[in-house]
Amino acid sequence: MSWFLLLLYLLLLKLINITMMHIFTRLPSSIRCSCKDNRLLNLTKSFSTGSPAVDTKQKRQRRNEIFDLEKKRQKEKVGRIEKISVSYKGPPENMEFVMNRGISTPYNIAQHISEAIVNKMALALIDDTTLWDVHRPLENDCTMQILHFEDQDPFHVNKAFWRTCSFLLGAVADNAFKDHIPVSLHSFPPPNVKSGSFVYDVQLGLDSWVPAKDDLRTLSAEFVSLAKKDLPLERLEISSEVALDMFADNAFKVEQIPDIASSNPGNTVTVYRAGDHIDISRGPMIAGTGFIGRATITAVHQIQTDLGQFYRFQGVALPRGIMLNHFGYGILEDRARKLNTGRLPNQTDDYFTPLGSSSEMAS
Amino acid sequence: MNQAEVSKLVSQLRIKVDPHIKKFRFKGGHTGRVYRLRQVVTGLFKHERIEANYTELDEARGYAERLISDAIRHGDTHEETMEAASYWLTEKQLVHKLFKVLAPRYQAYDISYTRMLKVSNHFPNIHPRAVLELRGNPYPPLFPNKNGNRNLIHNVLLEEAKKQFRAEKYEEIAKNLEEKAEAAKTETGSPSSDSDSQTGTAAQTMVEAETSREIEPKEGSSHAPKTTS
């Protein structure tokens, strides 16, 4: 009898060993996972069932189809090609260009000048006042300057960079989870570089999820792999009806669209696309994701609002050409781990004061 | 052992010498080659920054370095140095420049006196090109100094991190001071220690507060929210 018990005991040990092995062999794969097929392996929660399976892939495809159709329609609407004159100011010299109205973009102008400018250009400045996306067609006669990360005062470029990072963070959050975990993106607060982290607020079908270190690493890897693809950011202005159709699967966006459209002339909504991810943003954004160099997703905080529980994804990144040693970058990462006090999903103010925070104590 | 130390007879070059033989041919054979080297050295001392084929500059650089180090070492009264200078520098006023301007400039240098950078060549010229310059020249720098610009994104982020760190530290110090004051009150009647804490440096008070917190950890934490109201 005792012999039998011993055998049973050994068998049990073996079984435990096998399950442990199973966990550990999956762990590295989650770190190395590509954005294509492996979803984030949330080891504690991936076995939770009961939440409805949603086909995010199909939704994304549908959204892209609408985007493509609308883009094609707008392109055809240009009709007969008219010429505009663009005077380019700045290095290497002042130049005059004759471009196509509604077709040519600042990027095309840079292509005429030099490859170095094409690689450097993050944003364009039209008529000394308007910030213009690099891939946005020009509409009128104008003067143009290029903005880049190493300008004397790159304030606007930094801001656009931070906005782009928030946008991509949304893409990562949307992509990274397995299909049985419903993800709905809410929005991100206005970009503020000084806050130390870029943010995206997301509602997840997980309750009180605390990401492990490896989960964050997986998210960071996804972010970096998106950046490495060097995807251009396409901008499109669409009517609110099209926007409502496009984001029909996201209740938050459906709610936001009328508000956004009413504040814009022509009742339009601006959407951006990078790869197959589409999101609403006022813009402007930098030319492409290839400008992102070092990046880390540092924290996912739970935040409670009237709309329910949200997860605030936070990260920090530096542009490609800007080098910082690991100690300095570590300081930035540590700071980005603290809860960002940017606008909450249901708020109208730009900031909130979390309970028991230092700012509350000081006031 | 009255032998001279051979290693110190000639001053050591502060640049890395590439031991490989370079293709470097000129009209006039060896004489033409030396003539060209003299031209380059003279040009460098005259203009302080020159662009030419890489091989020429790389070879002439050593002679320029040697001239300057000898000028610093021996001064203008040393016959051999003067002879060498007037051989390499084909213009008389540059010899004066070497002893009166460059030697004082490089007196305190502990790095090389020249700097060489590779630059791109343009089509008809297939040889690699370079720029050779004397350090401390009056021209604008070849590369902009990125670290100096406080508006660049990493500097903005670091500056804000610094501010936040300081704010946290001040808060901590203030909290410790308050804790200490509370502790002094509860002990009843020790005004001398209170005045000590005011005069003492922040570091001292922090250390003292640390010790007081160790004694009464619960009290410290319970006082913290009171300060907010």
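All values reported here derive from a predicted model rather than from experimental measurement.

Quick look at the overall build of chain A
Move 1: Helix and strand counts for chain A stand at ten helices and twelve strands.
Move 2: Taking all 363 residues of chain A together, the buried fraction comes to 48%.
Move 3: Sequence-distant contacts, at least 24 apart, represent 68% of the contacts inside chain A between residues at least 6 apart.

Examining the domain arrangement of chain B
Move 1: When the domains of chain B are assigned, the result is domain 1 (21–134) and domain 2 (148–180).
Move 2: Here the C-alpha centre of domain 2 of chain B lies 50 Å away from the C-alpha centre of domain 1 of chain B.

Notes on the packing of aromatic side chains
Move 1: The final tally for this structure, using the stated rule, is 14 aromatic pairs over all chains.
Move 2: On the basis of an interplanar angle of 85 degrees and a centroid distance of 5.4 Å, the ring pair of Tyr87(B) and Trp88(B) is categorised as edge-to-face.
Move 3: Judged by its relative accessible area of 38%, Tyr87(B) falls in the partly exposed class.
Move 4: According to the relative accessible area criterion, Trp88(B) is buried, its value standing at 12%.
Move 5: Here Arg294(A) stacks its cationic end above the ring of Tyr329(A), 4.3 Å away from the centre of that ring.
Move 6: Its end group placed over the ring of Tyr87(B), Arg38(B) keeps NZ or CZ at 4.4 Å from the ring centre.

With respect to the interface of chain A and chain B
Move 1: Counting from both sides, the interface comprises 27 residues of chain A and, opposite them, 15 residues of chain B.
Move 2: Each partner contributes to the roughly 1,800 Å² buried at the junction of chain A and chain B, and carbon and sulfur atoms together form 66% of this total.
Move 3: At the boundary of chain A and chain B, one finds one salt bridge.
Move 4: Those elements giving two or more residues to the side of chain A that touches chain B turn out to be α5 (155–176), β12 (308–319), α9 (326–337) and α10 (358–362) of chain A.
Move 5: Residue composition of the side of chain A that touches chain B, by class: 15 nonpolar, six polar and six charged.

Observations regarding the nonpolar core
Move 1: Phe223(A) and Phe313(A) are the most contacted members of the largest nonpolar core, which has 79 residues in total.
Move 2: With twelve residues, the single largest contributor to this core is α5(A).
Move 3: Apart from residues no more than four positions distant in its own chain, Phe223(A) is found in contact with Cys165(A), Leu168(A), Leu169(A), Val172(A), Phe198(A), Ile292(A), Ala295(A) and Ile297(A).
Move 4: Counting residues in each nonpolar core, the second largest holds 29 residues, with Leu57(B), Ala103(B), Tyr106(B) and Leu132(B) among its members.

Comments concerning the environment of Asp259(A)
Move 1: Relative to the helices and strands, Asp259(A) is located in helix α8 (residues 251–263).
Move 2: Sequence spacing of Asp259(A) and His148(A) is 111 residues, and the spatial spacing of their C-alpha atoms is 32 Å.

A word on the sheet that holds strand β3 (residues 129–134) of chain B
Residue and element names in this part refer to chain B.
Move 1: Taken together, three strands build an open sheet; the order of strands is β1-β3-β2 and the sheet is antiparallel. At either margin of the open sheet sits one strand with a lone partner, and together these are β1 (49–53) and β2 (114–119). Taking each pair of neighbouring strands and ignoring which way they run, the sheet shows an average axis angle of 25 degrees.
Move 2: Across six bridges, β2 lies against β3 in antiparallel orientation. Looking at the pairing, Lys118 lines up with Ala130 of β3.

Quick notes on the domain arrangement of chain A
All names here are of chain A.
Move 1: Per the domain assignment, the segments making up chain A are domain 1 (83–148) and domain 2 (155–337).
Move 2: A straight line from the C-alpha centre of domain 1 to that of domain 2 covers 27 Å.
Move 3: Between domain 1 and domain 2, the contact holds twelve residues from the first and 14 residues from the second.
Move 4: Note on domain 1 versus domain 2: buried area summed over both sides is about 1,000 Å², and carbon and sulfur give 64% of it.

What to know about the UniProt feature "domain: TGS" (unreviewed entry) in chain A
Move 1: If you check UniProt for "domain: TGS" (unreviewed entry), the listed places come out as residues 82–148 of chain A in our numbering.
Move 2: Taken end to end, residues 82–148 of chain A is 21% helix and 37% strand, and its first and last C-alpha atoms sit 30 Å apart.

Considering helix α3 (residues 79–88) of chain B
All names here are of chain B.
Move 1: All of the buried residues along α3 are Thr81, Ala85 and Trp88. Around the axis of α3, the buried residues are gathered within 75 degrees of arc, so they sit on the same side. Of the exposed residues in α3, the ones pointing more than 90 degrees away from its buried face are Glu79, Glu80 and Glu83.
Move 2: Of the surrounding secondary structure, the elements contacted by the buried residues of α3 are α1 (29–47), α2 (54–74) and α4 (92–105).

Concerning the pattern of salt bridges
Move 1: For the structure on display, the rule yields 31 salt bridges over all chains.
Move 2: Across the pair Asp245(A) and Arg62(A) runs a salt bridge whose closest N-O atoms are separated by 2.7 Å. Pair noted here: Asp245(A) is in helix α7 (residues 240–246) and Arg62(A) is in helix α2 (residues 56–77), with a separation of 183 residues, a long-range link.
Move 3: Of the residues examined, Arg62(A) reaches a relative accessible area of 33% and is grouped as partly exposed.
Move 4: Ionic pairing is found between Glu51(B) and Arg129(B), a salt bridge with its closest N-O pair at 3.5 Å. Of the two residues, Glu51(B) is situated in strand β1 and Arg129(B) in strand β3; the sequence distance between them amounts to 78 residues.
Move 5: What you see here is one network of salt bridges that share partners, running through Asp68(A), Lys71(A), Glu234(A) and Arg273(A).

Describing the sheet that holds strand β8 (residues 234–239) of chain A
Residues and elements named next belong to chain A.
Move 1: Pairing in this open sheet of three strands is antiparallel, and the strands run β8-β9-β10 from one edge to the other. Both outer strands of the open sheet, β8 and β10 (277–280), are each paired with one neighbouring strand and no more. Across the sheet, the mean angle from the axis of one strand to that of its neighbour is 30 degrees, orientation sign disregarded.
Move 2: The pairing of strand β9 (residues 268–274) with β10 spans four bridges and is antiparallel. Counterpart to Val271 in the pairing with β10 is Ile280.
Move 3: In the packing of α2 onto the sheet, contacts are made with β8, β9 and β10, and the angle to β8 comes to roughly 85 degrees.
Move 4: On top of the sheet, α5 reaches β9 and β10; it is set at about 125 degrees to β10, its chief contact.

Thresholds, definitions, all that
Residues numbered from 1 in each chain as written. Chains lettered and ligands numbered in written order. Predicted model: local features only at pLDDT ≥ 70, side-chain atom pairs only at ≥ 80, totals over all residues. Heavy atoms only, no water. Helix = DSSP H or I, 4+ residues; strand = E, 2+ residues; numbered from the N terminus. Buried < 20%, exposed > 50% of the residue type's maximum accessible area, 1.4 Å probe, protein only. Contact = heavy atoms within 4.5 Å. Domains from an automatic or database assignment. Phe/Tyr/Trp six-rings, centres within 6.5 Å; stacked < 30°, edge-to-face > 60°. Lys NZ or Arg CZ within 6 Å of the ring centre and 35° of its normal. Buried area = accessible area lost by both parts, 1.4 Å probe. Salt bridge = Lys/Arg side-chain N within 4 Å of Asp/Glu carboxyl O. Nonpolar A, V, L, I, M, F, W, Y, C, P; charged D, E, K, R; others polar. Core = buried A, V, L, I, M, F, W, Y, C linked by side-chain atoms within 4.5 Å. Pairing = 2+ DSSP bridges. Axes fitted to C-alpha atoms, helices over the stretch in contact; angles between N-to-C directions. UniProt positions renumbered as here; feature names shortened; annotations may be inferred. Arc of directions from axis to C-beta.

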